[in-house]
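Reading the structure
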Amino acid sequence: MKACKGGRRNPIGSGDLNQFRPGDRQSVEDFSAIREIVKANYQNVVLVLQGGGALGSYQPGVVEVLDEIGININWVAGISIGAINSAIIAGNPPEHRVEKLRGFWDVVTSRVQWSWLPPGDHMRGLFNQLSSFSAMMFGQPGFFAPRVPPPHLHPAGTLGAVSYYDTAPLKTTLEQFVDFDYLNSKSPVRLSVGAVNVRSGNFVYFDSQERTIRPEHVMASGALPPGFPPVEIDGELYWDGGLVSNTPLSYVLGRAPSDCSIIFQVDLFSALGSRPRNLPDVQEREKDIQFSSRTRLNTDMFRQVQRMRQSIEKLLDKLPPEMAELPEYKELTAYRMKARVNIVHLIYRRKQYDRDYKDYEFSRNTMLDHWKAGRDTMLRTLRHPDWFSPPDESEAGVVTHDIHRDADD
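Residues numbered from 1 in each chain as written. Predicted model: local features only at pLDDT ≥ 70, side-chain atom pairs only at ≥ 80, totals over all residues. Heavy atoms only, no water.

1. As for the overall build of the protein chain
As a reminder, the rule being used: Each helix is a run of H or I in the DSSP string that is no shorter than four residues. Each strand is a run of E no shorter than two, and both are numbered from the N terminus. Just to be clear, the radius of gyration here is over C-alpha atoms, and the globule rule we use is 2.2 Å times residues to the power 0.38. Only the protein chains shown count as cover for residues, with accessible areas throughout obtained via the Shrake-Rupley method and a probe of 1.4 Å. Charge convention: Lys and Arg are scored as positive, Asp and Glu as negative, and His as well as the terminal groups of each chain are ignored. Every charge is mapped to an atom, namely NZ of Lys, CZ of Arg, CG of Asp or CD of Glu.
Within the protein chain, the regular secondary structure consists of 14 helices and eleven strands. On C-alpha atoms alone, the protein chain measures out to a radius of gyration of 22 Å, which is about the 22 Å that the 2.2 N^0.38 rule sets for 409 residues. Overall size of the protein chain, expressed as C-alpha extent along the three principal axes, is 75 × 55 × 45 Å. With an accessible surface of roughly 18,700 Å², the protein chain has 53% of that area assigned to carbon and sulfur atoms. Side-chain charges in the protein chain split into 47 positive and 50 negative, and the spacing between the mean points of these groups amounts to 2 Å.

This is the structure in structure tokens:
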């Protein structure tokens, strides 16, 4: 797929809904050289999507740019809203993915659309707070609705008694924007979504390579209590995977095939932040720390394992051939250098008007801002073509790049 040609659009303003339409192909630079690097060097192109509610519209912006330049994803893994975006990606042919993502986000952000917003971060914050109040009071179309009667009036032991909102509308929306027959039989994209077993507390992944994926599996990954009810699957109840880990990176690294992979990790909460100045700041900062991915920890641990594998491989190569029949030798061969992994980290950076309600502020205006931010981060990352080369042995077969950490532009 060639990079899109055409006239450049006007700068996107958060108050003008007509200037930017997610899913309309945008004018981008020629990144064909990077496309060829990825095609030539990586057998696996993986998209890892973090949970984060309304912040999730950042992720389609990244996907849209990858689609425009022709980088084809063959594995997508997600938690919570990341699982929903992942299902839409895996559950549609490549030529329809961005269109379906746009359709989903159009539906769930259709309740609040400000035709005009006053200038300044303070006023924008007030308008966003009104939008978040709307979500709490009335829910979001095609996503969730307040329970009537409220949970304390439902009999103990029923699903109605354990959550404030009903997510039945989400099932209908998923069936509208995800072709589950295609996902389970024809899709070239593997799907993995994480959830937590309510009874055992164990982290579970529903993987399309291992089972048939239904809407309930995706809903389970986003069933964050006490707002949303657990989802029953085969007699067990499941909650949002973000209760244990808000990113599927460790799952992907643990199951990385024995070849070369590039992973685009798209996060919605940043571990870095400022000192809180008031209680709302404390609540926002707490949420950022709780749901950030701890990518550095995951990659450091993976790098240590890779160095061990590297040493085992070098040792085995130095042993005499007659030792190859020993049981210990055969056991060690399973721990040879497993894979080379390049992690491209893309993180949503908070706006000045963001507050502690940013993950349930579903106005159309903010959705457009997030979508554009995802595009911008991906485009800035693509302007560093050297980041897309596979790691070498000196890097223990794993390398990470983050535009906000590693670049000056």
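2. Focus on helix 13 (residues 364–382)
To be explicit about the condition: One less than the residue count of a helix, multiplied by 1.5 Å, gives the span that helix is expected to have. Think of it in three bands: with a 1.4 Å probe and only protein chains considered, a residue is buried below 20% of the maximum accessible area for its type, exposed above 50%, and partly exposed in between.
The end-to-end C-alpha separation of helix 13 is 27 Å, in line with the 27 Å expected for 19 residues at 1.5 Å each. For helix 13, the tally of buried residues reaches 16 of 19 residues, placing the bulk of the element in the interior.

3. Some thoughts on the environment of L382
Under the convention used in this document: The criterion used for residue contact is that any of the two residues' heavy atoms lie within 4.5 Å.
Its location among the elements puts L382 in helix 13. Distance from L382 to D30, taken between C-alpha atoms, is 9.9 Å for residues 352 residues apart in sequence. The contacts of L382, once residues within four sequence positions are left out, are F31, I34, V65, I69 and F388.

4. Points about the pairing of strand 8 (residues 236–240)
Where we set the bar: Between any two strands, at least two bridges found by DSSP are needed for them to pair.
Both strand 5 (residues 190–197) and strand 8 contribute to a ladder of three bridges, which runs antiparallel. Bridge pairing in strand 8 links V196 to W239. For strand 7 (residues 231–233) and strand 8, the ladder comprises three bridges, and the chain directions are antiparallel. Residue pairing in the sheet places V231 in a bridge with Y238 of strand 8. The hairpin turn running from strand 7 into strand 8, its antiparallel successor, is two residues long, and D234 in that turn takes a positive phi close to 50 degrees.

5. Here's the deal with the packing of aromatic side chains
Our working rule: Note on aromatic contacts: the rings of Phe and Tyr and the six-membered ring of Trp form a pair at centre separations within 6.5 Å, being stacked when their planes are under 30 degrees apart, edge-to-face when over 60 apart, and tilted otherwise.
Tallying each qualifying case throughout the model produces 16 aromatic pairs. An angle of 50 degrees between the planes, with centres 5.0 Å apart, marks the rings of F203 and Y205 as tilted. Its relative accessible area of 28% is what places F203 among the partly exposed residues. Judged by relative accessible area, Y205 falls into the buried class, the value being 11%.

6. A short note on a nonpolar patch on the surface
Convention followed: Excluding any residue in a salt bridge, patches collect residues exceeding 30% relative accessible area, merging like charges within 9 Å and nonpolar Val, Leu, Ile, Met, Phe, Trp and Tyr side chains within 5 Å. We define a salt bridge as a side-chain nitrogen of Lys or Arg found within 4 Å of a carboxyl oxygen belonging to Asp or Glu.
Nonpolar side chains collect at one region of the surface, where L130, F133, M136, M137 and F138 lie side by side and expose about 530 Å² of accessible area between them. Positionally, M136 belongs in helix 5 (residues 121–138). Looking at M136, the relative accessible area reads 36%, which means it is partly exposed.

7. Focus on unusual backbone geometry
Residue P149 is reached from V148 by a cis peptide bond, and omega for that bond is 0 degrees. Mapped onto the secondary structure, P149 falls in the loop between strand 3 (145–146) and strand 4 (165–166). A cis geometry characterises the amide bond from P225 onward to P226, with omega recorded as -5 degrees. In this structure, P226 sits in the loop between helix 8 (215–221) and strand 7. Within the chain, S80 stands out as a residue other than glycine whose phi angle is a positive 60 degrees.

8. Looking at the packing of helix 2 (residues 58–69) against helix 3 (residues 81–90)
We count it as follows: Only the stretch in contact is used when a helix axis is fitted, and all axes are lines through C-alpha atoms; the angle between N-to-C directions ranges over 0 to 180 degrees. Angles are sorted into four bins: roughly parallel if under 35 degrees, roughly antiparallel if over 145, roughly perpendicular if 65 to 115, and oblique for all others. Crossing handedness follows the turn of the near helix against the far one: under a right angle anticlockwise gives a left-handed crossing, and clockwise gives a right-handed one. In this classification, Asp, Glu, Lys and Arg are treated as charged, Ala, Val, Leu, Ile, Met, Phe, Trp, Tyr, Cys and Pro as nonpolar, and every other residue, Gly included, as polar.
Two elements in contact, helix 2 and helix 3, have axes whose closest approach is 10 Å; the angle formed by their N-to-C orientations is 30 degrees. The pairing of helix 2 with helix 3 is recorded here as roughly parallel in orientation. When you trace helix 2 past helix 3, the crossing you get is right-handed. Across the interface between the two elements, Q59, P60 and V63 of helix 2 pack against I81, G82, N85 and I89 of helix 3. By residue class, the composition of the contact of helix 2 with helix 3 is four nonpolar, three polar and no charged.

9. A few points about the UniProt feature "domain: PNPLA" (unreviewed entry) in the protein chain
The cut-off we apply is this: UniProt positions are given in the numbering used here, feature names are shortened, and annotations may be inferred rather than shown by experiment.
The sites that UniProt annotates as "domain: PNPLA" (unreviewed entry) are residues 47–253. Across residues 47–253, the secondary structure splits into 39% helix and 16% strand, with the terminal C-alpha atoms separated by 12 Å.

10. Structural notes on the nonpolar core
Formally: Only buried residues count toward a nonpolar core, which is a set of Ala, Val, Leu, Ile, Met, Phe, Trp, Tyr and Cys residues joined through side-chain atoms within 4.5 Å.
In this structure, L47, I84, F104, F143, F264, M378 and F388 are the most contacted members of the largest nonpolar core, which totals 75 residues. V48, A77, I79 and Y205 belong to the second largest nonpolar core, which has 17 residues in total.

11. Digging into the pattern of salt bridges
Summed over the entire model, instances satisfying the criterion amount to 17 salt bridges. Between R375 and E68 there is a salt bridge whose closest N-O contact spans 2.9 Å. Of this pair, R375 sits in helix 13 while E68 sits in helix 2, and the two are 307 residues apart along the sequence. One exposure class covers both R375 and E68, and it is buried. In this structure, the salt-bridge partner of D288 is K358, at a minimum N-O distance of 2.9 Å. In this pair, D288 is assigned in helix 10 (residues 279–291) and K358 in the loop between strand 10 (340–347) and helix 13, connecting sequence segments 70 residues apart.

12. Considerations on the packing of helix 2 against helix 13
Look at helix 2 against helix 13: their axes get within 6 Å of each other, and the N-to-C directions meet at 45 degrees. One way to sum up the angle between helix 2 and helix 13 is to call them oblique. Once helix 2 is placed against helix 13, the crossing between them reads as right-handed. Residue-level contacts link Y58, P60, G61, V62, E64, V65, L66, E68 and I69 of helix 2 to H370, W371, A373, G374, R375, T377, M378, L379 and L382 of helix 13. Among the residues making up the contact of helix 2 with helix 13, the classes are represented as eleven nonpolar, four polar and three charged.

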